[in-house]
Amino acid sequence: MSWAGPDDIFLSTSLATYLDKKLLVLLRDGRKLLGLLRSFDQFANVVLEGACERVIVGNLYCDIPLGLYVIRGENVVLIGELDLEKEELPPHMTAVSTAEIKRAQKAEREATDLKGSMRRRMEFLDFD
């Protein structure tokens, strides 16, 4: 049985339909990158031009410019085309500076850590 058949050609070239289009790439670590797809290979390694990382914390967001960006395929979870005709974010979202979004991220991370430590303490007491 042969591994490569006529149907497999469409699987390996499916990213070709996204060339020169604006994409959203979701990475394994949870980051969201936006940019124009300029190149890709059989391992889903992709090159984004004019890439930026979109950071969202609550109702705040910031697009951090990255420039030309190469993404290793094993880190890609999802790739999707963005509709340029539609609004990218809901109207209740507020754009903030990079410094502000970093502060918001830090506060969110500290709140999550505190919640986790409180849960561990409660489990230690074992109120069952």
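Look a little higher up for the structure.
Figured I'd write up the structure that's included with this text. (Residues numbered from 1 in each chain as written. Predicted model: local features only at pLDDT ≥ 70, side-chain atom pairs only at ≥ 80, totals over all residues. Heavy atoms only, no water.)

## Focus on the overall build of the chain
Then, in step 1: When helices and strands are tallied, the chain shows two helices and six strands.
Then, in step 2: Beginning at the N terminus, the succession of helices and strands in the chain can be written as α-β-β-β-β-β-β-α.
Then, in step 3: For the chain, buried positions account for 23% of its 128 residues.
Then, in step 4: Put simply, of all contacts in the chain between residues at least 6 apart along the chain, 50% involve residues at least 24 apart.
Then, in step 5: In the structure as shown, the chain presents an accessible area of about 9,500 Å², 57% of it carried by carbon and sulfur atoms. (Helix = DSSP H or I, 4+ residues; strand = E, 2+ residues; numbered from the N terminus. Buried < 20%, exposed > 50% of the residue type's maximum accessible area, 1.4 Å probe, protein only. Contact = heavy atoms within 4.5 Å. Areas by Shrake-Rupley, 256 points an atom, 1.4 Å probe, with all protein chains shown as cover.)

## Here's the deal with the pairing of strand 1 (residues 22–27)
Then, in step 1: A one-sided burial pattern is seen for strand 1, the buried positions being Leu23, Val25 and Leu27 and the unburied ones Lys22, Leu24 and Leu26.
Then, in step 2: Of the strand pairs in this sheet, strand 1 and strand 2 (residues 32–40) are connected by five bridges, and their pairing is antiparallel. Paired with Val25 across the strands is Leu33, a residue of strand 2.
Then, in step 3: Here strand 1 hands over to strand 2 after four residues, with Gly30 in that stretch at a positive phi of 95 degrees.
Then, in step 4: Alignment of strand 1 against strand 5 (residues 76–81), held across five bridges, turns out to be antiparallel. Paired with Leu23 across the bridge in strand 5 is Glu81. (Pairing = 2+ DSSP bridges.)

## Some points on the layout of surface pockets
Then, in step 1: If you add up the space inside the largest pocket, you get close to 150 Å³.
Then, in step 2: Secondary structure elements with two or more residues in the lining of the largest pocket: strand 2 and strand 3 (46–57).
Then, in step 3: Partitioning the lining of the largest pocket into residue classes produces five nonpolar, no polar and six charged. (1 Å grid on protein atoms, 1.4 Å probe; cavity = no way out; pocket = protein on both sides within 12 Å on 5 of 7 lines; lining within 4 Å. Points joined across faces, edges and corners; volume = space filled by probe spheres on them. Nonpolar A, V, L, I, M, F, W, Y, C, P; charged D, E, K, R; others polar.)

## Section: the environment of Gly30
Then, in step 1: Along the polypeptide, Gly30 turns up in the loop between strand 1 and strand 2.
Then, in step 2: With a relative accessible area of 34%, Gly30 lands in the partly exposed category.
Then, in step 3: Note: C-alpha distance between Gly30 and Val77 (47 residues apart in sequence) is 8.9 Å.

## Things to note about the environment of Val96
Then, in step 1: Take Val96: it is sitting in the loop between strand 6 (94–95) and helix 2 (98–125).
Then, in step 2: Taking the C-alpha atoms as reference points, Val96 and Cys62, 34 residues apart in sequence, are found 5.6 Å from one another.
Then, in step 3: Not counting chain neighbours up to four residues away, the residues in contact with Val96 comprise Leu60, Tyr61, Cys62 and Ile101.

## Here we look at the state of the cysteines
Then, in step 1: The tally for this structure, following the rule as stated, stands at zero disulfides.
Then, in step 2: With no disulfide partner, Cys62 has as its closest neighbouring cysteine sulfur the one in Cys52, 9.0 Å distant.
Then, in step 3: For Cys62, a relative accessible area of 4% corresponds to the buried category. (Disulfide = S-S within 2.5 Å.)

## Topic: unusual backbone geometry
Then, in step 1: A positive phi is found at Asp20, a non-glycine position, where the angle reads about 65 degrees.
Then, in step 2: Tracing the backbone through its elements, the reader meets Asp20 in the loop between helix 1 (6–12) and strand 1.
Then, in step 3: The phi torsion at Ala44 lies on the positive side, around 70 degrees, for a residue other than glycine.
Then, in step 4: On the basis of relative accessible area, Ala44 is assigned to the partly exposed category, the value being 24%.

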